[in-house]
Amino acid sequence: MRFAIVLVAACWRDVPPPPVANASEQAPGPGLVGEYRCTIAEGGYRYPPFPCAIREVDHKLELAKLGGSVRFQGEIRPRGDGFAFQGQLYCPMGDCNEQVSGSFRRIAGGALRGQLGQDHIVVELFRADSAYGGASYGGSSYGGQPPSTEIE
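Figured I'd write up the structure that's included with this text. Everything numeric here is computed off the predicted structure, so don't read it as measured data.

What about the environment of G87?
For step 1, the next point in the chain: Positionally, G87 belongs in strand β6 (residues 82-90).
For step 2, the next point in the chain: Distance from G87 to S101, taken between C-alpha atoms, is 6.3 Å for residues 14 residues apart in sequence.
For step 3, the next point in the chain: Those residues within four positions of G87 in sequence are excluded, and the remaining contacts are Q73, G74, E98, Q99 and V100.

In structure tokens form, the structure reads like this:
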């Protein structure tokens, strides 16, 4: 009996259990992270698919179009059956820069569709395999970083 009391006393600590992480503290939208093919439709023309990626950066989700002459990059926040987007539309050479926002929703086949910018560019995202080289393919460093929004 003394051994049991000593054992219980040795294991007893006055330390609260670790907190259970709630949904807001966990990684946001882990089901969205991955590689995609994305198409842009504008002015009645649908461009061919280019590589895109959703990745977690500093505990936030970021969507980026990694190829083509028109790019977008920004933060996404899961919402309902899709996500909200806030970021930039830009060209690597700097002639189409604008701040954009939009909402994406799931459509048939599990793809996501949303509209961005003043011209309501329609973007569709389709899951892709890693054949195109992943998030390092193209990337925002192609042609320079996205333009700064600060006024100099």
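Things to note about the pattern of salt bridges
For step 1, the next point in the chain: Counted according to the given criterion, the structure contains five salt bridges.
For step 2, the next point in the chain: We note a salt bridge from R55 to E62, for which the minimum N-O separation is 3.4 Å.
For step 3, the next point in the chain: Among the salt bridges present, the one from E75 reaches R77, with a minimum N-O distance of 3.2 Å.
For step 4, the next point in the chain: Note on R77: relative accessible area 54%, which makes it exposed.
For step 5, the next point in the chain: In the salt-bridge network here, residues are joined through shared partners; they are R46, R113 and E124.

Things to note about the environment of A64
For step 1, the next point in the chain: Take A64: it is sitting in strand β4 (residues 60-65).
For step 2, the next point in the chain: You can call A64 buried: its relative accessible area is 3%.
For step 3, the next point in the chain: Placed 26 residues apart in sequence, A64 and C38 show a C-alpha to C-alpha distance of 9.9 Å.
For step 4, the next point in the chain: With residues up to four places along the chain from it excluded, the contact list for A64 reads C52, A53, R55, F72 and Q73.

Regarding the packing of aromatic side chains
The way to describe two aromatic rings as a pair is by their centre distance and the angle between their planes.
For step 1, the next point in the chain: Taken as a whole and judged by the stated rule, the model has three aromatic pairs.
For step 2, the next point in the chain: Taken together, a centroid distance of 6.1 Å and an interplanar angle of 85° make the contact between F72 and F85 edge-to-face. One end of the pair, F72, is in strand β5 (residues 71-79); the other, F85, is in strand β6, with 13 residues separating them in the sequence. Comparing F72 with F85 shows no difference in burial state: the two are buried.
For step 3, the next point in the chain: Seen in terms of ring centroids, F83 and F104 are 4.6 Å apart; in terms of plane orientation they differ by 20°. Their pairing is stacked.

Focus: the environment of S103
For step 1, the next point in the chain: Position of S103 relative to the elements: it lies in strand β7 (residues 98-106).
For step 2, the next point in the chain: For S103, a relative accessible area of 34% gives the class partly exposed.
For step 3, the next point in the chain: Separated by 27 residues in the primary sequence, S103 and I76 have C-alpha atoms spaced 9.1 Å apart.
For step 4, the next point in the chain: Among the polar contacts listed, one links the side chain of S103 to the side chain of R79, at a separation of 2.4 Å.

Some details on the nonpolar core
For step 1, the next point in the chain: Counting 20 residues, the largest nonpolar core has L63, F72, F83, F104, V123 and L125 as the members making the most contacts within it.
For step 2, the next point in the chain: Breaking this core down by element, the ones donating at least two residues are β1 (34-42), β3 (50-57), β4, β5, β6, β7, β8 (112-116) and β9 (121-127).
For step 3, the next point in the chain: Ignoring anything within four residues of it in the chain, the contact list for F83 reads L32, I54, L63, I76, R77, P78, G102, S103, F104, L112 and L125.

The rules we used
Residues numbered from 1 in each chain as written. Predicted model: local features only at pLDDT ≥ 70, side-chain atom pairs only at ≥ 80, totals over all residues. Heavy atoms only, no water. Helix = DSSP H or I, 4+ residues; strand = E, 2+ residues; numbered from the N terminus. Contact = heavy atoms within 4.5 Å. Salt bridge = Lys/Arg side-chain N within 4 Å of Asp/Glu carboxyl O. Buried < 20%, exposed > 50% of the residue type's maximum accessible area, 1.4 Å probe, protein only. Phe/Tyr/Trp six-rings, centres within 6.5 Å; stacked < 30°, edge-to-face > 60°. Polar contact = N/O pair within 3.5 Å; in protein donor to acceptor, adjacent residues only side chain to side chain. Core = buried A, V, L, I, M, F, W, Y, C linked by side-chain atoms within 4.5 Å.

Nothing here speaks to function; it is geometry throughout.
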